[in-house]
Amino acid sequence: MTLPPNAPHSLANMLTLVDDICYYAGDRSVDFNWYTRRIGLACIYKTAELYMLQDNSTGYEKTWQFLERRMEEASLVHEFLVKSEGATHQLQNAVGSAFTTARNILGLNFDRR
């Protein structure tokens, strides 16, 4: 899936995976939080996956520790964004642009005017 021609399929698989994880974890949001949770989860998942590829510890102990640190960091970022409305607005614009770009890459842009 790392080959360039497979990028759209790989991205679609990742988006489906994080959407399923959020849904089954009870996330039924229909606002901006829908995007932020999924992007955050995708980033954490991918970094942990890459870390795990080079982890030689028993039971992937170092990967689990890495994952715990990323989750703590995500909580801190969430707290910061909740306290900062200006940063939230900027992030909304960035996330919206990222998802539009991803949809365009995948050929899923349904912008019918």
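Quick caveat: nothing in here was measured; it's all calculated off a predicted structure.

Rules used throughout
- Residues numbered from 1 in each chain as written.
- Predicted model: local features only at pLDDT ≥ 70, side-chain atom pairs only at ≥ 80, totals over all residues.
- Heavy atoms only, no water.
- pLDDT = per-residue confidence, 0-100.
- Helix = DSSP H or I, 4+ residues; strand = E, 2+ residues; numbered from the N terminus.
- Axes fitted to C-alpha atoms, helices over the stretch in contact; angles between N-to-C directions.
- Parallel < 35°, antiparallel > 145°, perpendicular 65-115°, else oblique.
- Left-handed = near helix turned anticlockwise from the far one by under 90°.
- Contact = heavy atoms within 4.5 Å.
- Nonpolar A, V, L, I, M, F, W, Y, C, P; charged D, E, K, R; others polar.
- Phe/Tyr/Trp six-rings, centres within 6.5 Å; stacked < 30°, edge-to-face > 60°.
- Lys NZ or Arg CZ within 6 Å of the ring centre and 35° of its normal.
- Buried < 20%, exposed > 50% of the residue type's maximum accessible area, 1.4 Å probe, protein only.
- Patch = residues over 30% accessible without salt bridge, like charges linked within 9 Å, V, L, I, M, F, W, Y side chains within 5 Å.
- Areas by Shrake-Rupley, 256 points an atom, 1.4 Å probe, with all protein chains shown as cover.
- Salt bridge = Lys/Arg side-chain N within 4 Å of Asp/Glu carboxyl O.

Asks: An account of the confidence of the model for the protein is needed here, citing residue identities and associated values.
Replies: For the protein, the average pLDDT comes to 83, and 88% of its residues sit at 70 or higher. Mean pLDDT across the elements of the protein bottoms out in helix H4 (residues 85-106) (73) and peaks in helix H1 (residues 7-24) (91).

Asks: A description of the packing of H1 against helix H2 (residues 33-53) should follow, citing residues and the corresponding values.
Replies: Running from amino to carboxyl end, H1 crosses H2 at an angle of 115°, the nearest separation of the two axes being 9 Å. If you check the angle between H1 and H2, you find them roughly perpendicular. The handedness of the crossing between H1 and H2 comes out as right-handed. Each of Met14, Leu17, Val18, Asp19, Ile21, Cys22 and Tyr23 in H1 lies in contact with H2, whose residues at this interface are Trp34, Arg37, Arg38, Leu41, Ala42, Tyr45 and Lys46. The residue makeup of the contact of H1 with H2, split by class, is 10 nonpolar, no polar and four charged.

Asks: How would you sum up the packing of aromatic side chains? Please name residues and give values.
Replies: Two aromatic rings are characterised by how far apart their centres lie and by the angle between their planes. By the definition in use, this model includes three aromatic pairs. Ring centres of Tyr23 and Tyr24 lie 5.2 Å apart, and the angle between their planes is 85°; this geometry places the pair in the edge-to-face category. The residue whose ring lies beneath Arg28 is Tyr23, and the NZ or CZ to ring-centre distance is 3.9 Å. Arg70 extends its terminal NZ or CZ atom over the ring of Phe66, reaching a point 4.4 Å from the ring centre.

Asks: Before we move on, can you summarise the side chain of Arg38 with the specific residues and values?
Replies: Note that Arg38 resides in helix H2. By relative accessible area, Arg38 is classed as buried at 4%.

Asks: Hey, could you go over the environment of Gln65 for me, with residue numbers and the actual values?
Replies: Following the sequence through the fold, Gln65 ends up in helix H3 (residues 61-83). Overall, Gln65 belongs to the partly exposed group, its relative accessible area being 36%. A C-alpha to C-alpha distance of 9.8 Å links Gln65 and Ala48, two positions 17 residues apart in sequence.

Asks: Let's hear about a nonpolar patch on the surface: which residues, and what values?
Replies: Among the surface-exposed residues, Leu17, Ile21 and Tyr45 lie close enough to one another that they form a single nonpolar patch of about 220 Å² accessible area. Residue placement: Tyr45 occurs in helix H2. Under the relative-accessibility criterion, Tyr45 is labelled partly exposed at 35%.

Asks: Before we move on, could you go through the environment of Trp64 and cite the residues and values that matter?
Replies: As for its position among the elements, Trp64 is in helix H3. Classification of Trp64 as exposed rests on a relative accessible area of 52%. Separated by 16 residues in sequence, Trp64 and Ala48 have C-alpha atoms that sit 8.3 Å apart.

Asks: Lay out the pattern of salt bridges with the relevant residues and their values.
Replies: The tally for this structure, following the rule as stated, stands at five salt bridges. Put simply, Arg37 and Asp27 hold a salt bridge, and the shortest N to O gap is 3.2 Å. A residue pair is termed long-range when its members are at least 10 positions apart, and Arg37 in helix H2 and Asp27 in the loop between H1 and H2 qualify at 10 residues. Asp27 gets classed as buried once you look at its relative accessible area, which sits at 11%. The residue Glu49 makes a salt bridge to Lys46 at a minimum N-O spacing of 2.6 Å. Here Glu49 and its partner Lys46 are both found in helix H2, three residues apart, which amounts to about one turn of the helix. Judged by relative accessible area, Glu49 falls into the partly exposed class, the value being 30%. Residues joined by salt bridges that share partners form a network here, namely Asp19, Asp27, Arg37 and Arg38.

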